[in-house]
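# Analysis of the macromolecular model
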Amino acid sequence: MPGKNYNVLFLCTHNSARSILAESAMNRLGQGRLFGYSAGSQPSGRIHPYAIDLLGELGHDVDALRSKSWDEFAQPGAPQFDFIFTVCDAAADEVCPVWPGHPVSAHWGIADPSRVEGAPAAQRRAFSETLQIMSDRIRKFIALPFEELDSETLKEELREIGRS
């Protein structure tokens, strides 16, 4: 990925688990060229404790993570995004703000780990599996030759990653 840096926004309704995990994974795996952000249409105002615990245990920087509204990124002066991924089905169906610069978007839906019931070990495992799936998708995304793909091919590649 010579030359250009890319901003990537992950959207989920509550911005408390999946999108937070994806933001953190992107910032770790993005090789200083891809920068992750996350937001929600109806942010909960808090990050799920299992998400923070998992990321902290794995050495991710969690100090700047917070649950926030996507409206924050539709304001003047906000980062411009090159890519936007919805990671929950509800956010995929919502009417999103108009994003400057016409970012490429795709749906990378994944089950909500915060809805897993049962023992705390099973719940924590769900968060770990979610982070692993997102990290695998992000690795595939990072490997794409963005500058070499036409718009339609890039969109199809991103949709395919979301199905993996």
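Right, let's walk through the structure included here.

Next up on the list: the pairing of strand β2 (residues 34-39). Of the pairings in the sheet, the one linking strand β1 (residues 6-11) to β2 comprises six bridges and is parallel in character. Across the sheet, the residue bridging to Y6 is L34, located in β2. Traced from β1 through helix α1 (residues 18-29) to β2, the parallel crossover comes out right-handed.

Here we take up the layout of surface pockets. Counted as a void, the largest pocket has a volume near 150 Å³. Lining of the largest pocket is provided by A25, R28, L29, L58, H60, S128, L131, Q132, S135 and R139. Of all the elements in the fold, those that place two or more residues in the lining of the largest pocket are α1 and α4 (120-142). Among the elements that line the lining of the largest pocket, the one with the most residues is α4, at five residues. When grouped by side-chain class, the residues that make up the lining of the largest pocket number four nonpolar, four polar and two charged.

Counted by the stated rule, this structure contains 15 aromatic pairs. On the numbers, 5.8 Å between centres and 80° between planes, the contact of Y50 with F127 is edge-to-face. In this pair, Y50 is assigned in helix α2 (residues 49-57) and F127 in helix α4, connecting sequence segments 77 residues apart. Its relative accessible area of 16% is what places Y50 among the buried residues. Looking at F127, the relative accessible area reads 1%, which means it is buried. Between F85 and F141 the ring centres are 5.3 Å apart and the planes differ by 85°, which places this aromatic pair in the edge-to-face class. Note that F85 is positioned in strand β3 (residues 83-86) and F141 in helix α4, a separation of 56 residues in sequence. By the burial criterion, F85 is buried, and F141 matches it. In textbook terms, an aromatic cluster arises when at least three aromatic residues are bridged by ring pairs, as seen for Y6, F10, F83, F85, W108, F141 and F146. A cation sits over an aromatic face here: K4 above Y6, 4.9 Å from the ring centre.

A separate point is helix α5 (residues 151-163). Since the α-helix advances by 3.6 residues per turn, residues separated by three or four positions end up pointing in the same direction. Its 13 residues place the ends of α5 19 Å apart at the C-alpha level, agreeing with the 18 Å of an ideal helix rising 1.5 Å per residue. All buried positions along α5 are accounted for by L154, L158, I161 and G162. Each buried residue of α5 sits inside an arc of 100° when the element is viewed along its axis, so together they form one side. Set apart from the buried face of α5 by more than 90 degrees, the exposed residues are E152 and R163. On its buried side, α5 packs onto β3, β4 (104-107) and α4. Its side-chain oxygen 3.1 Å from the backbone nitrogen of E152, D150 forms the N-cap of α5.

Calculation criteria
- Residues numbered from 1 in each chain as written.
- Predicted model: local features only at pLDDT ≥ 70, side-chain atom pairs only at ≥ 80, totals over all residues.
- Heavy atoms only, no water.
- Pairing = 2+ DSSP bridges.
- Helix = DSSP H or I, 4+ residues; strand = E, 2+ residues; numbered from the N terminus.
- Right-handed = clockwise from strand over helix to strand, strands pointing away.
- 1 Å grid on protein atoms, 1.4 Å probe; cavity = no way out; pocket = protein on both sides within 12 Å on 5 of 7 lines; lining within 4 Å.
- Points joined across faces, edges and corners; volume = space filled by probe spheres on them.
- Nonpolar A, V, L, I, M, F, W, Y, C, P; charged D, E, K, R; others polar.
- Phe/Tyr/Trp six-rings, centres within 6.5 Å; stacked < 30°, edge-to-face > 60°.
- Buried < 20%, exposed > 50% of the residue type's maximum accessible area, 1.4 Å probe, protein only.
- Lys NZ or Arg CZ within 6 Å of the ring centre and 35° of its normal.
- Expected span 1.5 Å × (residues − 1).
- Arc of directions from axis to C-beta.
- Contact = heavy atoms within 4.5 Å.
- Polar contact = N/O pair within 3.5 Å; in protein donor to acceptor, adjacent residues only side chain to side chain.

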